[in-house]
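# Observations on the model geometry
Chain residues, written in single-letter form:
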Amino acid sequence: MKKTDINSVEIARLAGVSRSTVSRVINNYSNVPAHTREKVMEVIREHNYFPNASAQMLAGKSSRTIGLFLIEPGTVASDTLTNMLIVSVIEHASSLGYFVLTHIIRDPADTVTLRRVKEIFFQRRIDGGIFIGAAIREPFLDELAAEGFTIGIVDQVQDGRQQPGRLTAEFNNALGMEQAVSYLQKLGHRNIALINGDMNRLSGPQKNEGYRDAMRNNGLTVRPEWVLPGSFSESGGYAAAQHLLQAGGPLPTALIAANDSAAFGAVRALREHGLAVPEGMSVIGFDDHPLSSRHQPALTTIRFDMGEMLQRLTSALIGEIEQGQEGADEDAVLIRSIRQDCSLVIRDSCRRI
């Protein structure tokens, strides 16, 4: 039957019951006789009636929808890793009976965009939200958490702000850098450069500090001219490697990039300057991008299972949402912070010297 504008008053009239009885049936209250419930449900099925979502949310009902917000000024559609993360959240939320509303925030300083995002929370169109790509401090996320909304933030840590609805997920970047530097040192490398990531995001300074600590732990010297500004992008890695190659000074024998995308750019720049990888310079990335095993040469990298981390964060967010709902298990153990460990994946982009 085609959709109509039938409402609960009309459903009650057709079923020969009160509107409050229809409401009790819709909300699955137990104090409705079985024959009355079936009579109401028969009319509901016949007319394809669904309760107004806005009215239900105003009444405090859950939307069973979470938001997924990507803070990214560039292109998303062509990035395999980003798409994998999106699908991971959608797939896991779906398995838990939740829908996912997605949105790209191009500029977190754009007041119009932020107002629209906040409206989605205040209108209760979503029960909570996951944010990917946030800076170390994003004031509008602090505001959402302070208002009591449930949010999960990738690449952040709990820092004592005591906001109950704030969940965080981070990567063990220090361990990753220790694995990368130690592996290169065992291959005989002592001159190791670093292409940094975005220093406004938590992983940027964490990887920088982890590199310096790992170099010191392995008895190696950090040369400031080999610690290169970059970003978590192929273009950033390319520009950083170009700067290193054009500076005219001695070159390192190995290079660690803040992520695999930056490593792809660095390899391209090295080739343009006649340096093959790994014969001319060894290269290690981070993240184990889906394309890394098919790159030429196949990229040695530090693997973080981002899909698993997003699944854990999605579960924690939904657990937090449902804990706040009537009838939730008060003894449930809620996860406030997630830390994802890593492992070295050895492929073809590093050689012994």
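What comes next is a walk through the structure. (Residues numbered from 1 in each chain as written. Predicted model: local features only at pLDDT ≥ 70, side-chain atom pairs only at ≥ 80, totals over all residues. Heavy atoms only, no water.)

### Describing the pairing of strand S5 (residues 166-171)
Going by this rule: For each residue, the accessible area found with a 1.4 Å probe, counting protein chains only, is set against the maximum for its type, and the residue is called buried under 20%, exposed over 50%, and partly exposed in between. By the criteria applied, helices consist of DSSP H or I runs no shorter than four residues and strands consist of E runs no shorter than two, each listed in order from the N terminus. By the convention used here, strands pair only if DSSP detects at least 2 bridges between them.
Burial analysis of S5 places six of its six residues in the buried class, the great majority of the element. Neither face of S5 is open: one carries Arg166, Thr168 and Glu170, the other Leu167, Ala169 and Phe171, and all of them are buried. Relative to S5, strand S4 (residues 150-154) is paired through four bridges, and the arrangement is parallel. Bridged to Ile151 within S5 is Arg166.

### Remarks on the sheet that holds strand S12 (residues 342-345)
Applied cut-off: Two residues qualify as a contact provided that any one of their heavy atoms is within 4.5 Å of a heavy atom in the partner residue. Angles shown run from 0 to 180 degrees and are taken between the N-to-C directions of axes, each axis being a line fitted to C-alpha atoms and, for helices, limited to the stretch in contact.
Taken in spatial order, the six strands line up as S7-S6-S8-S9-S10-S12 in an open sheet, and their pairing is mixed. A single partner strand is all that each edge strand has here, and the edge strands are strand S7 (227-228) and S12. Bridge count between strand S6 (residues 192-195) and strand S8 (residues 254-257): four bridges; the pairing is parallel. Its bridge partner lying in S8, Leu194 is registered against Ile256. Across the face of the sheet, helix H11 (residues 260-272) comes into contact with S6, S8, strand S9 (282-287) and strand S10 (300-304) while running at roughly 160° to S9.

### A few points about the sheet that holds strand S2 (residues 99-105)
Spatially, six strands are ordered S2-S1-S3-S4-S5-S11 in an open sheet, and the strand pairing comes out parallel. Single-partner strands in this sheet number two, and they are S2 and strand S11 (337-340). The average undirected angle you get between the axes of adjacent strands in this sheet is 15°. When strand S3 (residues 128-132) meets S4, the two strands line up parallel, connected through four bridges. Each residue of the ladder has a partner; that of Ile130, found in S4, is Gly152. Its contacts with the sheet put helix H7 (residues 139-146) on strand S1 (65-71), S2, S3, S4 and S5, and the angle it makes with S4 is roughly 150°.

### Remarks on the layout of surface pockets
For clarity, the cut-off: The rule is simple: put a 1 Å grid over the protein atoms alone, call a set of points where a 1.4 Å probe fits but cannot get out a cavity, call an open set with protein on both sides within 12 Å along at least five of seven lines a pocket, and count a residue as lining if it has an atom within 4 Å of a point. Grid points are joined across faces, edges and corners, and a volume is the space filled by probe spheres set on the points. Three classes are used, and their members are as follows: Ala, Val, Leu, Ile, Met, Phe, Trp, Tyr, Cys and Pro are nonpolar, Asp, Glu, Lys and Arg are charged, and the others, Gly among them, are polar.
As a volume, the largest pocket reaches approximately 1,000 Å³. If you go around the largest pocket, you meet 43 residues; those closest to its centre are Glu72, Thr82, Arg201, Phe232 and Asn259. Breaking the lining of the largest pocket down by element, the ones donating at least two residues are S1, helix H5 (80-95), helix H9 (203-217), helix H10 (234-246), H11 and helix H12 (306-323). For the lining of the largest pocket, the element with the highest residue contribution is H5, accounting for four residues. Of the residues belonging to the lining of the largest pocket, the class tally is 18 nonpolar, 15 polar and 10 charged.

### Looking at H11
Test applied: A helix is expected to span 1.5 Å multiplied by its residue count minus one.
The end-to-end C-alpha distance of H11, which contains 13 residues, comes to 19 Å, matching closely the 18 Å that a straight helix rising 1.5 Å per residue would cover. Buried within H11 are the following residues: Asp260, Ser261, Ala262, Ala263, Phe264, Gly265, Ala266, Val267, Ala269 and Leu270. If you follow the buried residues of H11, they end up packed against S6, H10, S8, S9 and S10. At the C-terminal side of H11, Gly274 shows a positive phi close to 80°.

### Let's talk about the nonpolar core
Looking at soluble globular proteins, one finds that nonpolar side chains tend to be buried together. Inclusion rule: In this description, a nonpolar core means a group of buried Ala, Val, Leu, Ile, Met, Phe, Trp, Tyr and Cys residues linked to one another through side-chain atoms lying within 4.5 Å.
The biggest cluster of nonpolar side chains holds 46 residues, and the ones touching the most others in it are Ile66, Ile130, Ile192, Tyr211 and Ile256. Looking at this core element by element, the count peaks at eight residues for H12. Contacts of Ile130, omitting those with residues within four sequence positions, involve Ile66, Gly67, Leu68, Phe69, Val89, Gly152, Val154, Leu310, Leu313, Thr314 and Leu317. Residues Leu228, Ala262, Phe264 and Ala266 belong to the second largest nonpolar core, which totals 22 residues.

### Overview of the pattern of salt bridges
A side chain of one charge can pair with a side chain of the opposite charge if their charged atoms are brought near each other. Selection criterion: When a carboxyl oxygen of Asp or Glu lies within 4 Å of a side-chain nitrogen of Lys or Arg, that pair is called a salt bridge.
Scanning all chains against the criterion turns up 14 salt bridges. Glu10 is the salt-bridge partner of Arg13, the closest N and O atoms lying 2.6 Å from each other. Of this pair, Arg13 and Glu10 both sit in helix H1 (residues 8-15), separated by three residues, roughly a single helical turn. Taking the relative accessible area as the measure of exposure, Glu10 reaches 27% and is therefore partly exposed. Its salt-bridge partner being Glu38, residue Arg45 comes within 2.6 Å of it at the nearest N-O pair. We classify Arg45 as partly exposed; its relative accessible area is 47%. Using a relative accessible area of 41% as the deciding quantity, one classes Glu38 as partly exposed. When salt bridges with common partners are traced through the structure, they connect Asp288, Arg303, Asp305 and Arg347 into a single cluster.

### A word on unusual backbone geometry
Residue Val277 is joined to Pro278 through a cis peptide bond whose omega torsion reads 10°. Locating Pro278 in the fold gives a position in the loop between H11 and S9. With an omega of -5°, the peptide bond running from Gln296 to Pro297 counts as cis. Assignment of secondary structure puts Pro297 in the loop between S9 and S10. Phi angles above zero are rare outside glycine, and Asp155 is one such case at about 70°. Here Asp155 lies in the loop between S4 and S5.

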